[in-house]
Amino acid sequence: MNSLRQLARHRALPSRAAPRVLPVQTSVSNRLWQRCFSVTPAAASQAGLDPSKLEITKTSTPKEITASENLIFGKTFTDHMLSIEWTASDGWHTPRIVPYQNLSLDPSACVLHYAFECFEGMKAYKDNNGQIRLFRPDKNMSRLNKSSARIALPTVDGEALTKLIGDFVKQDSRFIPSTRGYSLYLRPTMIGTQSTLGVGPPGSALLFVIASPVGPYYPTGFKAISLEATDYAVRAWPGGVGDKKLGANYAPCVLPQLNAASRGFQQNLWLFGEEEYVTEVGTMNLFIALKDKETGKKELVTAPLDGTILEGVTRDSVLELARERLIPKGWTVSERKIKMADVAEAAEEGRLLEVFGSGTAAIVSPVRNISYRGKLVNCGLKDEEEAGEIALQMKNWIEGIQYGDENHPWSVVL
């Protein structure tokens, strides 16, 4: 720390008054500066992850398979986990598939104090022929690297990690439900493990992947939910990290969700700024289908990637499918800002067709109504309806790709 203070004083002085510093001191100061304020570990870690070196240790106590109808999202886990250590000095260590187990961390591990943690959510599916499939894993790997680089954790070769995840999934393939609508949820996670209370880029990290057989995200199944428009708390801010999948983004959202639940709503609809722009719903991206006020043309709208929303894989899938399959039917597909007041006005004028969330866990989640300024905004569903036409189409289109009904490059066979 003294060396850093000396370096700061040295840089603050005019050039003519710069003190003489011995070469060794300059070298030490520069190394300290780079260590604390650069992301060299992330840049240097691309090489080194080698799937051919995978070591597998099988469990001696295999678990019983839980019946699909008894699965609760994220409560049941498979026999094994994928674990890969990383150090700044040696890069990625030997990848290992080991029995599912507790982690051992020093109480001073930087993840526990400064939230060096990011993760992904993806799924493995079993098609009608018994083949195992992943859905757009390249997108998850790209986002994982964006998240890890943002918090000075190492990045990883996405193709190599996908290969290792495939090996892990095949090892625990007996846990993948065969029932339609069920899958094996995969949670790649990276944490900083360096034992230090100093704030700086971690010198060591752990990348691990666990798996959980799951069914529908909501216990009620594919049914419309109700939202509470939330303006007293902010999920993300431009220039922040709301567009990265960091654990630190999620814990602060739980209390507002509990508050919304106490008033009978399943999720928050996060509004942003004085204009009350619509951003995300709970942990999902949001889509709004409405008719243009002037032309009457149908439009599917979602918030732009401006730093305040997560770059969702399902969001991107909905957009691509909409552009490919809805635009020829006369729709407009837009990534633009839209105010909650405009959504409420469209509902009052009968122009709001439907609203739905999108995410890996639920795929799509139809919205029945939104509480906004003391009133319920009806999102276009009739009393007996649980989903609008577009939400139902998107669910069927995406599931058809995920389960291999449609031959599509997004579905990767292991």
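Residues numbered from 1 in each chain as written. Predicted model: local features only at pLDDT ≥ 70, side-chain atom pairs only at ≥ 80, totals over all residues. Heavy atoms only, no water.

Note the cut-off: UniProt positions are given in the numbering used here, feature names are shortened, and annotations may be inferred rather than shown by experiment.
By the naming in an unreviewed UniProt entry, the protein chain is Branched-chain-amino-acid aminotransferase, taken from Aspergillus candidus. In the Cofactor (unreviewed entry) part of its UniProt record, the protein chain is described as follows: "pyridoxal 5'-phosphate". Quoted verbatim from the Sequence similarities (unreviewed entry) field of UniProt, the annotation for the protein chain is "Belongs to the class-IV pyridoxal-phosphate-dependent aminotransferase family."

**A look at the pairing of strand S16 (residues 352-359)**
One face of the sheet, then the other: side chains in a regular strand alternate in exactly this way. This is how the line gets drawn: To sort residues, take the accessible area from a 1.4 Å probe on protein chains only and compare it with the maximum for the residue type: under 20% means buried, over 50% means exposed, and anything in between is partly exposed. Starting at the N terminus, helices and strands are each numbered in turn, a helix being any DSSP run of H or I of at least four residues and a strand any DSSP run of E of at least two. Criterion used throughout: strands pair if DSSP finds at least two bridges between them.
Burial runs high along S16: 7 of the 8 residues are buried. Two strands pair when backbone bridges link them, and strand S13 (residues 284-291) and S16 are joined in this way by 6 bridges, in the antiparallel orientation. Bridging from a neighbouring strand, Leu-286 pairs with Gly-357 of S16. Bridge count between S16 and strand S17 (residues 363-372): 5 bridges; the pairing is antiparallel. What sits directly across from Phe-356, in S17, is Pro-366. The loop that links S16 with its antiparallel partner S17 comprises 3 residues.

**Some details on the environment of Ala-346**
Which entries qualify depends on this criterion: Contacts are residue-level and defined by heavy atoms, with any inter-residue pair within 4.5 Å sufficient.
Among the structural elements, Ala-346 can be located in helix H9 (residues 340-348). Expressed as a C-alpha distance, the spacing of Ala-346 and Leu-290, which sit 56 residues apart in the sequence, is 7.2 Å. In contact with Ala-346, other than residues within four places in its own chain, are Leu-290, Arg-351 and Leu-352.

**Thoughts on the UniProt feature "modified residue: N6-(pyridoxal phosphate)lysine" (unreviewed entry) in the protein chain**
Summarizing the sequence annotation, UniProt attributes the feature "modified residue: N6-(pyridoxal phosphate)lysine" (unreviewed entry) to Lys-245 in the numbering used throughout. In this fold, Lys-245 is placed in the loop between strand S10 (225-230) and helix H7 (251-262). Residue classification places Lys-245 among the buried positions, given a relative accessible area of 9%.

**So, the pattern of salt bridges**
Operational definition: Within this document, salt bridges are pairs made up of a side-chain nitrogen of Lys or Arg and a carboxyl oxygen of Asp or Glu, the two lying within 4 Å of each other.
Summed over the entire model, instances satisfying the criterion amount to 27 salt bridges. As a salt-bridge pair, Asp-316 and Lys-139 come within 3.8 Å of each other at their nearest N and O atoms. Remark: Lys-139 occurs in helix H5 (residues 137-150) and Asp-316 occurs in helix H8 (residues 313-325); sequence separation between them is 177 residues. Overall, the relative accessible area of 30% leaves Lys-139 in the partly exposed class.

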